[in-house]
Amino acid sequence: KRRSSDLWIDGKEGFSYNNKPSVEALNKAIKIAKLNAKRDYFYGLPEPKKFKKINNFDQEINELSPSDLIKQGNQLIRTINKDGSIDVIEADIEKSCSEIHILNSNGIDCTYKTTDYAAYVKTLANKTGTYDDSEYKSELFDIKSFSERVKRRANLFQNRDRKSVV
């Protein structure tokens, strides 16, 4: 599980990634904050009465196994390659599950979980033009629909390039 330390000191942001909470990681984030320039968009830390907990945790994503993701990736490739006019050069299906802990000097101390689900594909249409597409959400989406969209757009992209050359 990857964790991050993100903090603000006088409008300056400090951030560090780590595998487990540690004083060393926190000190690194403090050092980075002190070295950073002040951010124009820093409006202060939220207060408890103004803070709204985000709910974007999907248990179905959380329970996906590596073999589930591989099956979905194969479905993505098969759907796009169905008629042979488009080759998949690269495909990626991924999930992430994170735990966010917000603690500040205004009295907020809360923890919540989030999930993300993403698909990425790079295609080659009729051996002439590459097309990239992706979708990223905090809940599951239909891989077959995504595949059909990619196929349709890759063909449109390829046909546009052919017309511009002629």
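The notes below deal with the structure included here. (Residues numbered from 1 in each chain as written. Predicted model: local features only at pLDDT ≥ 70, side-chain atom pairs only at ≥ 80, totals over all residues. Heavy atoms only, no water.)

## A few points about helix 1 (residues 23-35)
Next up, step 1: Between the first and last C-alpha of helix 1 there are 18 Å, a value that for 13 residues agrees with the 18 Å anticipated at 1.5 Å per step.
Next up, step 2: Of the positions making up helix 1, those classed as buried are Ala 25, Ala 29 and Ala 33. The buried residues of helix 1 occupy an angular sector of 80° when the element is viewed end-on, so they sit on one face. In this structure, helix 1 carries Val 23, Glu 24, Lys 28, Lys 31, Lys 34 and Leu 35 as exposed residues pointing more than 90 degrees from its buried face. (Helix = DSSP H or I, 4+ residues; strand = E, 2+ residues; numbered from the N terminus. Expected span 1.5 Å × (residues − 1). Buried < 20%, exposed > 50% of the residue type's maximum accessible area, 1.4 Å probe, protein only. Arc of directions from axis to C-beta.)

## Structural notes on the environment of Trp 8
Next up, step 1: As for its position among the elements, Trp 8 is in strand 1 (residues 3-9).
Next up, step 2: Accessibility expressed as a relative area gives 26% for Trp 8, which makes it partly exposed.
Next up, step 3: A sequence separation of 34 residues divides Trp 8 from Phe 42, and the C-alpha atoms of the two residues are 8.8 Å apart.

## Focus: the pattern of salt bridges
Next up, step 1: On inspection of all chains with the given rule, the structure shows six salt bridges.
Next up, step 2: A salt bridge links Arg 153 to Asp 133; the nearest nitrogen and oxygen atoms lie 3.3 Å apart. With Arg 153 in helix 4 (residues 143-165) and Asp 133 in strand 5 (residues 129-137), this pair connects stretches of sequence that are 20 residues apart.
Next up, step 3: A relative accessible area of 9% places Asp 133 in the buried class.
Next up, step 4: Taking the shortest distance from any N to any O, the salt bridge between Lys 137 and Glu 135 comes out at 3.4 Å.
Next up, step 5: On the basis of relative accessibility, which here comes to 33%, the residue Lys 137 falls in the partly exposed class. (Salt bridge = Lys/Arg side-chain N within 4 Å of Asp/Glu carboxyl O.)

## Let's talk about the nonpolar core
Next up, step 1: Counting residues in each nonpolar core, the largest one holds 18 residues, and the members touching the most others are Leu 76, Ile 80, Ile 93, Tyr 117, Val 121, Ile 143 and Phe 146.
Next up, step 2: Mapped onto this core, the elements with two or more residues apiece are helix 3 (66-81), strand 3 (86-103), strand 4 (109-125) and helix 4.
Next up, step 3: If sequence neighbours within four positions are ignored, Leu 76 has contacts with Ala 91, Ile 93, Tyr 120, Val 121, Ile 143, Phe 146 and Ser 147. (Core = buried A, V, L, I, M, F, W, Y, C linked by side-chain atoms within 4.5 Å. Contact = heavy atoms within 4.5 Å.)

## Points about the pairing of strand 3
Next up, step 1: Judged from the 17 bridges that link them, strand 3 and strand 4 form a sheet pairing that is antiparallel. Within strand 4, the position partnered with Lys 95 by the bridge is Tyr 117. (Pairing = 2+ DSSP bridges.)

## Considerations on unusual backbone geometry
Next up, step 1: Of note in this structure, Asp 10 is not a glycine but carries a positive phi near 50°.
Next up, step 2: Owing to a relative accessible area of 65%, Asp 10 belongs among the exposed residues under this scheme.

## Comments concerning helix 3
Next up, step 1: In a regular helix each residue adds 1.5 Å, so 16 residues correspond to 22 Å; helix 3 covers 23 Å between its end C-alpha atoms and thus fits that length.
Next up, step 2: Within helix 3, the full set of buried residues consists of Leu 69, Gln 72, Gly 73, Leu 76, Thr 79 and Ile 80. One side of helix 3 carries all its buried residues, which in axial view fall inside an arc of 130°. Exposed and oriented more than 90 degrees from the buried face of helix 3 are Ile 70, Lys 71 and Arg 78.

## A few points about a negative patch on the surface
Next up, step 1: Among the surface-exposed residues, Glu 90, Asp 92, Glu 94 and Asp 132 lie close enough to one another that they form a single negatively charged patch.
Next up, step 2: Within the element layout of this structure, Glu 90 appears in strand 3. (Patch = residues over 30% accessible without salt bridge, like charges linked within 9 Å, V, L, I, M, F, W, Y side chains within 5 Å. Areas by Shrake-Rupley, 256 points an atom, 1.4 Å probe, with all protein chains shown as cover. Lys, Arg positive; Asp, Glu negative; His and termini not counted. Charge placed at Lys NZ, Arg CZ, Asp CG, Glu CD.)

## Brief notes about the sheet that holds strand 4
Next up, step 1: Reading across the sheet, the three strands line up as 3-4-5 and stay open at both edges, with antiparallel pairing between neighbours. Here the strands that pair on one side only, and so sit at the sheet edges, are strand 3 and strand 5. Taking the axes of each pair of neighbouring strands and ignoring which way they run, one obtains an average angle of 15° across the sheet.
Next up, step 2: The sheet contact formed by strand 4 and strand 5 spans nine bridges and is antiparallel. Counterpart to Leu 124 in the pairing with strand 5 is Thr 130.
Next up, step 3: Across the sheet, helix 3 is in contact with strand 3 and strand 4; its angle to strand 3 comes to roughly 145°. (Axes fitted to C-alpha atoms, helices over the stretch in contact; angles between N-to-C directions.)

Keep in mind these values describe shape, not function.
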